[in-house]
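A look at the structure
Chain by chain, the residues run as shown.
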Amino acid sequence: MIAGSNGLATNQNLHLRIPSKSALCPRCTSSESQEHIFLLCPFAEAIWLGSELNEWSRNLPKASVRLFWNALVDRLAAQADKMNLLAKCVLLFWSIWRAQNALIFSDIDSDPMVVIQAAINFGIDFSAISNQQVRTRVRAECTAVWTPPPLHVFKINFDGAYLKESLEGVGACVVRDHTGRVSHSCARRFTNVTSPAMIKALALREAILLAHRIRLINPIFEGDAKTIIEAAGSDASAGGDCDVIIAYVSVLVIIALSLNTEIVIGWLMT
């Protein structure tokens, strides 16, 4: 998640760049870090306490969002509905973040139960759209060479490189139009990478996040990780160290579909 990399525009982060900007949470007198927004603020604590995830999230470490998430994944490891519960956790994070932005930008102070219900409603939409197979397509065929997308459509190719000795990897993606011209690209270094498949899954996640940032309509995502791509478009497993990432990718896909954006994910034979 983005929150796991301390990349959100929290007041604490903004204060480091703009000293005149207050670092305090608009709901209380504490410094507004990512951990505070999602886990430590009394508002967030009330949300977790009232949610169906309370049983699983209770007494987890809150020193960082990443530690909290990893501990939750470990606690849910033996649960048959693990992926469903993790998806609900992602949606709860998203609803908390939206509520914080609503307070800052629209002066709307939400009740914790309203935030919980918003996450539930988003989950219902998630399930409904997930069942509409016709709107998310995973290509059954593969191509041996790169082919341009149709006119007015952008293709995002993604890939990753993995260094086993240091458990590090780099995920990268590039956006091209129908002429092959590169319009955008990004690359990101990751630590604690446990397999080549994991860095490929992280690269796909970064590609979808890039598409969201630059507001692409009906993008095509293409990579050479067949297992990852098939898992992103179905209920198939990509392997234990990738399934959590794929769950997050699925949420991003559902967000795109809720905005009437069709996503095509295909694989390139190399």
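Just above sits the structure.
What this report covers is the structure whose coordinates are included nearby. (Residues numbered from 1 in each chain as written. Predicted model: local features only at pLDDT ≥ 70, side-chain atom pairs only at ≥ 80, totals over all residues. Heavy atoms only, no water.)

**What about the pattern of salt bridges?**
Two side chains carrying opposite charge are able to pair once their charged atoms lie near each other. So the rule is basically this: Any Lys or Arg side-chain nitrogen located within 4 Å of an Asp or Glu carboxyl oxygen qualifies as a salt bridge. Numbering of helices and strands runs from the N terminus; a helix is a DSSP stretch of H or I covering at least four residues, while a strand is a stretch of E covering at least two.
A full pass over the atoms with the stated rule returns nine salt bridges. In this structure, the salt-bridge partner of R27 is D109, at a minimum N-O distance of 2.7 Å. Pair noted here: R27 is in the loop between α1 (11-17) and α2 (34-40) and D109 is in the loop between α6 (82-106) and α7 (112-130), with a separation of 82 residues, a long-range link. The salt bridge partner of D224 is K200, with a shortest N-O separation of 2.9 Å. Of the two residues, D224 is situated in the loop between β5 (220-223) and α9 (226-232) and K200 in helix α8 (residues 196-213); the sequence distance between them amounts to 24 residues. Taken together, the salt bridges that share partners define one network made up of D159, K200 and D224.

**A short note on the state of the cysteines**
Note on terminology: a disulfide is the covalent bond linking the sulfur atoms of two cysteines. We apply this condition: When the sulfur atoms of two cysteines come within 2.5 Å, that pair is taken as a disulfide. To sort residues, take the accessible area from a 1.4 Å probe on protein chains only and compare it with the maximum for the residue type: under 20% means buried, over 50% means exposed, and anything in between is partly exposed.
One pass over the structure, following the stated rule, counts zero disulfides. Distance from the sulfur of C25, which forms no disulfide, to the nearest cysteine sulfur (C28) is 3.9 Å. Given a relative accessible area of 4%, C25 falls into the buried group. This cysteine, C41, is not joined by any disulfide, and C25 carries the nearest cysteine sulfur, 4.1 Å off.

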